[in-house]
Amino acid sequence: AQSVTQLDSQVPVFEEAPVELRCNYSSSVSVYLFWYVQYPNQGLQLLLKYLSGSTLVESINGFEAEFNKSQTSFHLRKPSVHISDTAEYFCAVVSGNTGKLIFGQGTTLQVKP
Amino acid sequence: DTAVSQTPKYLVTQMGNDKSIKCEQNLGHDTMYWYKQDSKKFLKIMFSYNNKELIINETVPNRFSPKSPDKAHLNLHINSLELGDSAVYFCASSQDEAEAFFGQGTRLTVV
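Rules behind the numbers
- Residues numbered from 1 in each chain as written.
- Chains lettered and ligands numbered in written order.
- Predicted model: local features only at pLDDT ≥ 70, side-chain atom pairs only at ≥ 80, totals over all residues.
- Heavy atoms only, no water.
- Buried < 20%, exposed > 50% of the residue type's maximum accessible area, 1.4 Å probe, protein only.
- Helix = DSSP H or I, 4+ residues; strand = E, 2+ residues; numbered from the N terminus.
- Pairing = 2+ DSSP bridges.
- Contact = heavy atoms within 4.5 Å.
- Buried area = accessible area lost by both parts, 1.4 Å probe.
- Salt bridge = Lys/Arg side-chain N within 4 Å of Asp/Glu carboxyl O.
- Disulfide = S-S within 2.5 Å.

Some remarks on the pairing of strand β11 (residues 100–103) of chain A
Residue and element names in this part refer to chain A. Judged by which residues are buried, β11 turns out to be covered on both faces: Lys100 and Ile102 on one side and Leu101 and Phe103 on the other are all buried. Across 4 bridges, the pairing between strand β10 (residues 87–95) and β11 is antiparallel. From the neighbouring strand, Val94 faces β11, where its bridge partner is Leu101. The hairpin turn running from β10 into β11, its antiparallel successor, is 4 residues long, and Gly96 in that turn takes a positive phi close to 60°.

Points about the interface of chain A and chain B
Size of an interface, as often reported, equals the accessible area lost when the parts are brought together. In this complex, chain A contributes 22 residues to the contact, which on the side of chain B involves 23 residues. A combined buried area of about 1800 Å² lies between chain A and chain B, and 55% of that area is made up of carbon and sulfur atoms. Broken down residue by residue, the surface that chain A buries against chain B is led by A:Leu44, A:Lys100 and A:Phe103, which jointly contribute 25%. In this structure, the connection of chain A to chain B is made through 3 salt bridges. Residue B:Lys41 is joined to A:Glu88 by a salt bridge in which the shortest nitrogen-to-oxygen separation is 3.6 Å. For the side of chain A that touches chain B, the secondary structure elements donating two or more residues are β5 (33–38), β6 (44–50), β10 and β11 of chain A.

Description of the state of the cysteines
Summed over all chains, the structure comprises 2 disulfides over all chains. The residue that forms a disulfide with A:Cys23 is A:Cys91, at a sulfur-sulfur distance of 1.9 Å. Its S-S torsion of about -65° marks the bond between A:Cys23 and A:Cys91 as left-handed, since a negative value means left-handed. Residue A:Cys23 is found in strand β4 (residues 23–26), and its partner A:Cys91 is found in strand β10; the two are separated by 68 residues along the sequence. Both residues of the pair, A:Cys23 and A:Cys91, belong to the buried class. Put simply, B:Cys23 and B:Cys91 are joined by a disulfide, and their sulfur atoms are 1.8 Å apart. Torsion about the S-S bond of the B:Cys23 and B:Cys91 cystine: about -80°, corresponding to left-handed handedness. Of this pair, B:Cys23 sits in strand β3 (residues 19–25) while B:Cys91 sits in strand β9 (residues 87–94); the two residues are 68 residues apart in sequence, bridging distant segments of the chain. Judged by its relative accessible area of 0%, B:Cys91 falls in the buried class.

Quick look at the structure:
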């Protein structure tokens with residue numbers, strides 16, 4: 001069965017510092033991987049996705065993630081965070097051909113001034 | 001225009017009541033889902049419909065009954081509400097295995 005593990009439940013970081021949110025998955029088949037962000041009291045928004053092709057994917061607001069098949073990882077990085085990046089971040093994998101998402105436990109990114 | 005909209009946003013009700021949450025998507029997607037987010041923010045799928053047909057039912061109690069009148073709508077009816085049903089319920093839609101688009105969530109509080 002597929003699963004997703006986010007290794008850090010909380011990541012406190014100062015504004016303008018770099019950050020990495022870790023995500024590992026287990027799957028015996030090809031995977032589609034996603035990072036979703038949830039701002040306080042809001043729904044989930046897609047941050048970025050890996051479906052195929054280049055293993056490095058980027059979002060419009062400066063986040064990037066690298067698909068590493070040998071390490072079964074899809075870590076999320078940003079070189080310089082802003083206060084507005086404070087949110088819950090979820091890594092997810094699509095299971096089978098139903099589109100069903102399996103989520104990690106979530107990582108709370110808290111950016112301090 | 002909101003892509004996936006669900007109503008109500010907040011729902012407070014007493015134990016034993018029956019309630020419904022509605023969801024509509026205007027993206028033309030074939031597949032819709034209900035996810036539950038618990039108090040620890042863990043997200044888990046409950047149901048999925050593809051073109052009005054149930055394709056995923058993740059061992060959810062029978063008190064939960066999804067209904068899809070057409071492929072743009074997926075409603076969730078909950079009978080005999082229990083304290084443990086308190087959570088945030090998210091509707092989502094997708095096309096094939098591409099990204100899922102989520103609604104804003106319905107925060108259900110059972111008292």
